[in-house]
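Residues per chain are reported as follows:
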Amino acid sequence: MPNTMRDTAKSEVMISAQGIHKSFGHVSVLRGVSLTLTRGEVVAIIGPSGSGKSTFLRCLNHLETIDRGTIVIEGEVLAHSEGEGKAQYVSEAEIRKIGRKMGMVFQSFNLFPHMTVLENIIEAPLIVKGMKREEIIPKAEKLLAKVGLSAKRDAYPNHLSGGQKQRVAIARALAMEPDILLFDEPTSALDPELTGEVLRTMRELADEHMTMLVVTHEMGFAREVANRVIFMDGGDIVEQGPSEAFFAAPQHERTKAFLHNML
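Residues numbered from 1 in each chain as written. Predicted model: local features only at pLDDT ≥ 70, side-chain atom pairs only at ≥ 80, totals over all residues. Heavy atoms only, no water.

Let's shift gears to the overall build of the protein. When helices and strands are counted, the protein shows 9 helices and 11 strands. For 263 residues, the compact-globule estimate of 2.2 N^0.38 gives 18 Å, and the C-alpha radius of gyration of the protein, at 18 Å, lies within 12% of that figure. Looking at the protein as a whole, 51% of its 263 residues are labelled buried. Long-range contacts, defined as pairs at least 24 residues apart, comprise 64% of the intrachain contacts of the protein with a sequence gap of at least 6. (Helix = DSSP H or I, 4+ residues; strand = E, 2+ residues; numbered from the N terminus. Rg over C-alpha atoms; globule rule 2.2 N^0.38 Å. Buried < 20%, exposed > 50% of the residue type's maximum accessible area, 1.4 Å probe, protein only. Contact = heavy atoms within 4.5 Å.)

Turning our eyes to something else, we now look at the pattern of salt bridges. Inspection of every chain in the model, using the stated rule, returns 15 salt bridges. For Glu-74, the salt bridge goes to Arg-39, with nearest N and O atoms at 3.9 Å. Placement of Glu-74 in the loop between strand S4 (68-73) and strand S5 (76-80) and of Arg-39 in the loop between strand S2 (27-38) and strand S3 (42-46) is noted, with a sequence separation of 35 residues between them. Across the salt bridge formed by Glu-197 and Arg-167, the nearest N and O atoms sit 3.0 Å from each other. One end of the pair, Glu-197, is in helix H6 (residues 192-207); the other, Arg-167, is in helix H5 (residues 162-175), with 30 residues separating them in the sequence. (Salt bridge = Lys/Arg side-chain N within 4 Å of Asp/Glu carboxyl O.)

As a further point, take the packing of aromatic side chains. Evaluation of the coordinates by the stated rule reveals 2 aromatic pairs. With 5.4 Å between their ring centres and 75° between their planes, Phe-246 and Phe-247 make a pair best called edge-to-face. Just above the ring of Phe-247 sits the side chain of Arg-223; from NZ or CZ to the centre is 4.9 Å. (Phe/Tyr/Trp six-rings, centres within 6.5 Å; stacked < 30°, edge-to-face > 60°. Lys NZ or Arg CZ within 6 Å of the ring centre and 35° of its normal.)

Moving on: the packing of helix H3 (residues 117-127) against helix H4 (residues 133-146). Two elements in contact, H3 and H4, have axes separated by 9 Å at closest approach and are oriented at 130°. By the angle between their axes, H3 is oblique relative to H4. Crossing angle aside, the handedness with which H3 passes H4 is right-handed. Of H4, the residues touching H3 (which contributes Val-117, Leu-118, Ile-121, Ile-122, Pro-125 and Leu-126) are Arg-133, Ile-136, Ile-137, Ala-140, Glu-141 and Leu-144. Partitioned by chemical class, the residues of the contact of H3 with H4 number 10 nonpolar, no polar and 2 charged. (Axes fitted to C-alpha atoms, helices over the stretch in contact; angles between N-to-C directions. Parallel < 35°, antiparallel > 145°, perpendicular 65-115°, else oblique. Left-handed = near helix turned anticlockwise from the far one by under 90°. Nonpolar A, V, L, I, M, F, W, Y, C, P; charged D, E, K, R; others polar.)

Here the focus is the pairing of strand S1 (residues 13-24). Of the strand pairs in this sheet, S1 and S2 are connected by 9 bridges, and their pairing is antiparallel. Within S2, the residue paired with Lys-22 across the bridge is Leu-30. When S1 meets S4, the two strands line up antiparallel, connected through 5 bridges. Bridge pairing links Ser-16 to Val-72 in S4. (Pairing = 2+ DSSP bridges.)

Here we come to the sheet that holds S2. Taking strand neighbours across the sheet as the criterion, the 5 strands line up as S2-S1-S4-S5-S6 in an open arrangement whose pairing is antiparallel. This sheet does not close on itself; its edge strands, each paired only once, are S2 and strand S6 (88-89). Most of the contacts of helix H1 (residues 53-60) go to S1, to which it runs at about 120°, and overall it touches S1, S2, S4 and S5. Strands S4, S5 and S6 of the sheet are contacted by helix H2 (residues 92-99), whose axis makes an angle of about 120° with S5.

Burial analysis of strand S8 (residues 180-184) places 5 of its 5 residues in the buried class, which makes it a mostly covered element. Judged by which residues are buried, S8 turns out to be covered on both faces: Ile-180, Leu-182 and Asp-184 on one side and Leu-181 and Phe-183 on the other are all buried. Pairing geometry for strand S7 (residues 102-105) and S8, over 4 bridges, is parallel. If you follow Met-102 over to S8, its bridge partner there is Ile-180. Pairing of S8 with strand S9 (residues 211-215) involves 5 bridges; the strand directions are parallel. When the bridges of S9 are listed, Asp-184 appears paired with Val-215.

Ranked by internal contacts, the top residues of the largest apolar core, which has 51 residues, are Ile-46, Phe-183, Met-202 and Met-212. Look past the residues within four positions of Phe-183 in its chain and what remains in contact with it is Leu-57, Val-105, Ile-170, Met-202, Leu-205, Met-212, Leu-213, Val-214 and Val-215. With 32 residues, the next largest nonpolar core counts Leu-37, Ile-45, Ile-66 and Phe-106 among its residues. (Core = buried A, V, L, I, M, F, W, Y, C linked by side-chain atoms within 4.5 Å.)

A positive phi angle, near 70°, is found at Phe-109, a position not held by glycine. Its location among the elements puts Phe-109 in the loop between S7 and H3. One non-glycine residue with positive phi stands out, namely His-209, at about 65°. Following the sequence through the fold, His-209 ends up in the loop between H6 and S9. Residue class for His-209 comes out partly exposed when judged on its relative accessible area of 45%.

And the structure:
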């Protein structure tokens, strides 16, 4: 996949996050982070532990609430603040509706251990979207084929490898038919030999023009698959740019030092 943004995608903003501030107690975790993600774009967020990457992702889908700033998902306002005022959120019903536009893949899989692979995938469409079993099961089976796990349809999570669990988690997120996928360090809990199968699935999604925001420590993925790379440190975006230029000629000293340690 080329590392240039697709011209057709530039006009359609999927996520607009502006001036996002978030603190836990007296600790400021996000210090005015702003990001725009367009349709079909793959953006990788990299940076040291504690830089605010995962918190930022969790703020986008309302797993954390922001203190100040504006979040707009596909033109619908999730939260906004006037000037220095505290962020105001839309109603709970609106939050749920907007949230369904995004799927989230966590580093720790979060599969239900008492449910089979198929049951894990169909649970949210059944409960949240009110779909009928006969309607969602064929879609779930197609998703399992997509991630190469048709043979594990009736297996339980404790019989799967870490890489297989994460691919089930990706299929589960896709079952809700989101427009955007958020990935929070999807390979950090995996042994190196299992990382490749998950990254391969993510590459295929990128080739299909899925809009993706990926917090990752996999520099190869960021370089080869992402259209744009963002480097965060200390709750700020220090540097960003098209992936090829970002890795070939980083501008900021903090970025250079981080990449030197990672590559």
